[in-house]
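# Coordinate inspection notes
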Amino acid sequence: MNLKKLRTMSFDEVSYRLKAASAKKIRRLAQSHYRVRMEPAQFLPTFVLRSAHGGAYNEAVARKNWRAAETLLLQHMRARAEEASGSAPQFFVAARQRSEVKKIAEQFFANELHEALVHAESLLQHRFTYLGLEAQFEREIAWHRDPLSQREWPKKFYTEMKFYGQRDGEKELPGDVKNVWELNRHHHFTVLGKAYWLTGEERFAEELLAQCESWITQNPFLWGVNWTSALEVAMRSLSWIWGYAFCLQAKAMRPEAHARFLRALHLHGHYVYRHLSFFTSPYNHLIGEATALFFLGALFPEFNEAEAWREKGWAILVEEVTKQFHADGISVEQAMSYHHFTLGLYLQAMLLAQMHGVTIPASMRARLEKALEFSMLSIQPDGRHPMIGDNDNACAFYFGEKAAWDYRDYLALGAILFERGDFKYAAEHYHEACLWLLGPESFAQFEELKAAPPARVNCLLPESGYAILREGWKSSGHYLIFDCGPQSHGLFADENVSTAHGHADPLSILLCAHGQPMLIDAGMLTYNGELAWQNYFRSGMAHNTVTVDERSACRLVGRLGYSHVPEVAQTFATFQPDFDFVEATYKGFGKDVRHRRAVFHRHGEYWLIFDSFEGEGEHVLDRWFHFAPNCQVHSIDEGVVAALPRFGSLLLRALTSSRSELEIFKGGARPEHGWHAPQYGIKLPAPVLRLRTRAALPQQFCTLLLPFGDKLPILQHEIDGEFGTHKSEPCTVRLATAHGNDLLACNFSGELQTMGALTTDAKLTFLHRDLISGSTIVSMVSGTRLSLNGVEVFSTERATDARVSSREIP
């Protein structure tokens with residue numbers, strides 16, 4: 001397998017991996033020499049000051065008057081931070097804007113400001129809350145201690161550290177490394193810095209610098225778990241830069257501490273530049289590292305490697321942008337959290353580049369606008385985004401806590417950057433991130449934009465493979481997203497194993513009814529927990545899709561690996577005034593079994609989910625439906641009702657005659673028996689429905705999803721024929737409610753066929769008779785002829801889509 005995978009690698013990848021392995025081996029053998037000292041003599045001579053302080057600084061360094069050099073270094077950095085123009089590096093936060101920013105913050109973000117100050121007070125007490133954990137340190141923070149196990153990670157040389165999984169040989173690891181890494185990303189430095197900047201209270205700046213000094217002392221360069229990942233080093237660098245910008249003018253920023261801070265920051269850049277994740281983690285990891293390099297190089301030209309860092313970081317960002325996002329917008333990792341993480345990194349880098357006069361390639365602007373457009377199109381009625389793929393709560397920028405899966409601040413930024421009124425509409429209001437990243441003038445820019453609902457409502461994004469079927473843009477509307485595209489970029493269809501953040505969820509659906517999430521993704525629990533639980537959340541069982549003989553469509557290998565990943569093909573899609581229809585298919589499950597699923601969306605009414613299984617032999621066919629934790633679910637004949645108090649209900653009913661064993665689980669002993677992970681490290685009981693059928697193939701199923709209010713609707717239904725775009729025989733579905741009668745006819749043969757009173761060669765025909773108004777709507781898709789009860793309704797020379805509404809149709 002290793003030789004076969006080697007054949008899939010390019011020469012550049014093989015060369016890179018060989019060089020990386022050799023460098024690691026050399027560092028391991030020479031680890032005793034990697035004891036980097038923090039004394040001024042070791043680093044002050046390497047700093048270059050291009051300002052009025054430069055001559056005196058060089059003279060102090062030459063005389064080894066380190067105290068004088070440190071004082072001059074601080075004076076230089078403070079002075080250039082206040083320059084509004086010229087060659088001095090510019091950052092998003094400048095003291096000259098303090099009063100204006102504070103005025104806007106107090107007027108429009110009073111709640112956020114209050115929460116930030118409460119958060120900052122808890123940080124003064126060394127109380128931290130993250131990843132569902134609470135960590136309390138009585139005195140000095142133990143930067144290597146796992147808050148769950150209370151065990152310390154060993155302070156070994158970084159190439160000797162085993163940190164992934166649960167064991168290091170015979171030894172059990174101290175815990176999930178994310179529990180330590182997340183705290184050591186130092187996102188909270190922004191909170192402390194912001195608290196100081198807005199209040200002027202020195203104690204917040206004192207705490208930030210004390211924590212930084214504590215970290216430097218406990219984490220010597222290249223020793224310990226906090227030096228094992230280039231992305232972690234990069235994200236910590238960005239946090240330090242924000243903290244530094246907020247606190248640079250504070251009295252707490254004393255010359256000696258300031259110099260050590262810059263020395264440690266310089267070592268972060270040195271590390272990232274030499275550990276870029278080309279080929280090993282070439283997606284969000286590489287972009288995070290490139291962003292940090294660009295920031296460090298652009299903002300700290302005093303560092304002797306700054307120019308190389310700036311150029312390297314920006315070159316990677318420019319080259320990678322069209323590789324990181326599909327042409328229709330979403331990240332190629334096919335994970336909503338990582339889509340926004342990568343997008344947020346790019347937006348910051350682009351904004352900083354603009355401030356520094358760097359030309360932004362048109363390809364970058366266009367692709368980032370498309371990425372924001374996907375965020376707009378996929379947003380749920382409740383303002384959050386669907387939980388698709390892996391998630392580790394990663395933040396590209398952090399200014400305080402916000403609701404999970406809420407990325408509307410990105411759309412507010414995009415509204416201003418790209419002058420998009422539809423982005424503003426989806427963002428709903430001006431967000432705090434705009435204030436810090438775009439400055440106080442951004443408030444007027446946002447207000448001047450005219451908000452307008454997005455022009456696109458229902459759509460298929462064919463490259464990334466998401467069909468979005470919604471009821472307009474009201475917060476109380478219905479919404480469904482259908483995953484009918486690739487699982488993740490870089491995965492293999494054979495036995496070769498690759499890791500990815502996309503889950504084994506082909507043809508899964510997520511649904512909001514009455515504006516609220518009702519059919520949801522089970523989420524992502526952990527990367528380093530108990531293997532059975534970790535793998536469940538990335539399996540087919542954890543998604544609103546199907547499994548065959550209790551197997552996912554692809555094979556799950558280890559903790560993040562996949563092999564035998566099927567290729568999903570979109571076979572038909574149409575969007576009409578009264579309905580939408582999307583079908584896709586793939587072959588998988590380690591057997592010669594093909595799953596075909598289509599979603600029919602009757603605007604304003606319901607969805608029909610068609611599933612067909614093709615192959616040979618008898619199999620266990622499971623269809624999974626995961627409900628939000630706050631749903632009250634109970635079974636009825638051939639289905640269930642899920643109710644959300646104060647909002648409404650959803651009827652899920654099997655319409656086909658094949659009998660299925662219906663089971664509802666919630667909070668059971670096994671992972672698949674009713675669990676949901678809303679955020680990393682947190683799991684909650686949640687209702688899960690499994691419809692199980694043991695039968696020989698082929699088999700087909702049709703499931704109705706119908707939102708309703710207080711009263712359970714009375715329905716009649718009838719299905720004739722076998723569904724599928726590959727079938728030459730027609731299939732019809734009749735559905736009668738108290739309001740009207742619907743007929744959906746599928747005829748993908750291209751032939752003129754008769755289905756009861758209907759004769760047509762159209763691929764799809766939809767007929768609705770309204771019992772209240774007496775009118776009839778008839779729509780055909782890709783047809784030339786259609787008649788009802790012998791009366792011709794449509795007749796054209798070429799296949800076309802047509803629609804008519806009349807009381808005269810028989």
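Residues numbered from 1 in each chain as written. Predicted model: local features only at pLDDT ≥ 70, side-chain atom pairs only at ≥ 80, totals over all residues. Heavy atoms only, no water.

## Considering the overall build of the protein chain
Of the regular secondary structure elements, the protein chain holds 21 helices and 34 strands. Over its C-alpha trace the protein chain gives a radius of gyration of 29 Å, about what one expects of a compact globule, namely 28 Å for 810 residues. Across the protein chain, contacts joining residues at least 24 apart in sequence account for 65% of those joining residues at least 6 apart. In the protein chain, 84 side chains carry a positive charge and 93 a negative one; their mean positions are 5 Å apart. (Helix = DSSP H or I, 4+ residues; strand = E, 2+ residues; numbered from the N terminus. Rg over C-alpha atoms; globule rule 2.2 N^0.38 Å. Contact = heavy atoms within 4.5 Å. Lys, Arg positive; Asp, Glu negative; His and termini not counted. Charge placed at Lys NZ, Arg CZ, Asp CG, Glu CD.)

## A short note on the packing of aromatic side chains
Taken as a whole, this structure holds 51 aromatic pairs when the rule is applied. Each ring, one from Phe91 and one from Phe92, has its centre 5.0 Å from the other, and the planes form 50°; the classification is tilted. The buried category is assigned to Phe91, whose relative accessible area is 12%. Here Phe92 falls in the buried class, since its relative accessible area comes to 5%. Between Phe300 and Phe303, the aromatic rings sit 5.3 Å apart at their centres with planes inclined by 15°, giving stacked as the arrangement. With relative accessibility at 3%, the residue Phe303 sits in the buried group. (Phe/Tyr/Trp six-rings, centres within 6.5 Å; stacked < 30°, edge-to-face > 60°. Buried < 20%, exposed > 50% of the residue type's maximum accessible area, 1.4 Å probe, protein only.)

## Description of the sheet that holds strand E13 (residues 561-563)
With respect to topology, three strands assemble into an open sheet ordered E8-E13-E12, the strand pairing being antiparallel. Among the strands making up the open sheet, the edge pair consists of strand E8 (498-499) and strand E12 (555-557). Across three bridges, the pairing between E12 and E13 is antiparallel. Following the sheet pairing, Val557 is matched in E13 by Gly561. (Pairing = 2+ DSSP bridges.)

## As for the pairing of strand E19 (residues 632-636)
Relative to strand E20 (residues 639-644), E19 runs antiparallel, the two sharing five bridges. Across the sheet, residue Val633 finds its bridge partner in E20, namely Ala642. Here E19 folds back onto E20 in antiparallel fashion, the turn holding two residues, of which Glu638 has a positive phi close to 60°.

## Here's the deal with the layout of surface pockets
Volume-wise, the second largest pocket comes out at about 1,400 Å³. In this structure, the second largest pocket is lined by 50 residues; those nearest its centre are Tyr398, Gly400, Glu401, Lys402 and Ala403. Mapped by element, the contributors of at least two residues to the lining of the second largest pocket are helix H7 (110-124), strand E1 (127-130), strand E2 (133-136), helix H8 (177-184), helix H9 (188-199), helix H17 (408-418) and helix H19 (432-438). (1 Å grid on protein atoms, 1.4 Å probe; cavity = no way out; pocket = protein on both sides within 12 Å on 5 of 7 lines; lining within 4 Å. Points joined across faces, edges and corners; volume = space filled by probe spheres on them.)

## What to know about the nonpolar core
Across soluble globular proteins, nonpolar side chains show a tendency to be buried alongside one another. In terms of nonpolar packing, the biggest core is built from 165 residues, with Phe300 and Leu368 touching the most fellow members. What Phe300 contacts, discounting residues up to four positions off in sequence, is Met77, Arg80, Ile241, Tyr244, Leu262, Leu265, Phe295 and Ala306. (Core = buried A, V, L, I, M, F, W, Y, C linked by side-chain atoms within 4.5 Å.)

## Thoughts on the sheet that holds strand E21 (residues 648-654)
Pairing is antiparallel across the open sheet formed by eight strands, whose spatial order is E14-E15-E16-E17-E26-E21-E20-E19. The open sheet has two free edges, formed respectively by strand E14 (569-575) and E19, since each of these has just one partner strand. With strand direction ignored, the average angle separating the axes of adjacent strands in the sheet is 15°. Taken together, the six bridges between E14 and strand E15 (residues 579-588) define a ladder with antiparallel strand orientation. Across the sheet, residue Ala573 finds its bridge partner in E15, namely Val582. (Axes fitted to C-alpha atoms, helices over the stretch in contact; angles between N-to-C directions.)

## Structural notes on unusual backbone geometry
The step from Leu697 to Pro698 runs through a cis peptide bond, and the omega angle for that step is 5°. Within the secondary structure layout, Pro698 lies in the loop between strand E25 (688-696) and strand E26 (699-708). A positive phi angle, close to 60°, is found at Lys64, a residue other than glycine. Residue position: Lys64 is located in the loop between helix H4 (54-62) and helix H5 (66-81).

## Some words on the pattern of salt bridges
The final tally for this structure, using the stated rule, is 41 salt bridges. Arg408 is the partner of Asp406 in a salt bridge, and the nearest nitrogen-oxygen pair spans 2.7 Å. Here Asp406 falls in the buried class, since its relative accessible area comes to 13%. Ionic contacts of the salt-bridge type, sharing partners, join the residues Glu369, Lys370, Glu373, Arg420, Asp422 and Arg456 into one network. (Salt bridge = Lys/Arg side-chain N within 4 Å of Asp/Glu carboxyl O.)

## Some details on empty space enclosed by the protein
Applying the stated criterion to the full structure yields seven cavities of 30 Å³ or more. Of the volumes computed, that of the largest cavity is approximately 270 Å³. If you go around the largest cavity, you meet 21 residues; those closest to its centre are Ala81, Phe91, Val93, Ala245 and Leu248. Of the residues in the lining of the largest cavity, the class split is 15 nonpolar, two polar and four charged. Quantified by volume, the second largest cavity comes out at close to 80 Å³. In terms of lining, the second largest cavity is formed by His187, Thr190, Met235, Leu238, Ser239, Trp242, Gln348, Ala396, Phe397, Tyr398 and Phe399. For the lining of the second largest cavity, the element with the most residues is helix H11 (residues 230-247), which contributes four residues. A class-by-class count of the residues in the lining of the second largest cavity yields seven nonpolar, four polar and no charged. (Nonpolar A, V, L, I, M, F, W, Y, C, P; charged D, E, K, R; others polar.)

## Here's the deal with H4
Within H4, the full set of buried residues consists of Gly54, Tyr57, Ala60 and Val61. Considered in projection along H4, the buried side chains sweep an arc of 125° and stay on one side of the axis. In this structure, the buried side of H4 is in contact with H5. (Arc of directions from axis to C-beta.)

## Concerning the side chain of Asp578
Tracing the chain through its elements places Asp578 in the loop between E14 and E15. Separated by 2.4 Å, the side chains of Asp578 and Arg803 make a polar contact. Once residues within four sequence positions are removed from consideration, Asp578 is found in contact with His601, Arg602, His603, Phe766, Ile777, Ser779 and Arg803. (Polar contact = N/O pair within 3.5 Å; in protein donor to acceptor, adjacent residues only side chain to side chain.)

## A short note on the pairing of E2
Alternating residues of E2 divide into Leu133 and Ala135, all buried, and Glu134 and Gln136, none buried. Looking at chain direction, E1 and E2 are connected through four bridges and run antiparallel. By the bridge assignment, Thr129 is partnered in E2 with Glu134. Hairpin connection, E1 to E2: the antiparallel pair is bridged by two residues, and Leu131 has positive phi, about 50°.

## A word on the packing of H9 against helix H10 (residues 202-218)
The description of two packed helices rests on the angle between their axes and on the distance between the axes. Axis separation between H9 and H10 bottoms out at 7 Å; the angle between their running directions is 155°. Classified by the angle between their axes, H9 and H10 sit roughly antiparallel to one another. In terms of crossing hand, the pair formed by H9 and H10 is left-handed. For the pair formed by H9 and H10, the contact residues are His188, Phe189, Leu192, Gly193, Ala195, Tyr196 and Thr199 on the first element and Glu202, Phe204, Ala205, Glu207, Leu208, Gln211 and Cys212 on the second. (Parallel < 35°, antiparallel > 145°, perpendicular 65-115°, else oblique. Left-handed = near helix turned anticlockwise from the far one by under 90°.)

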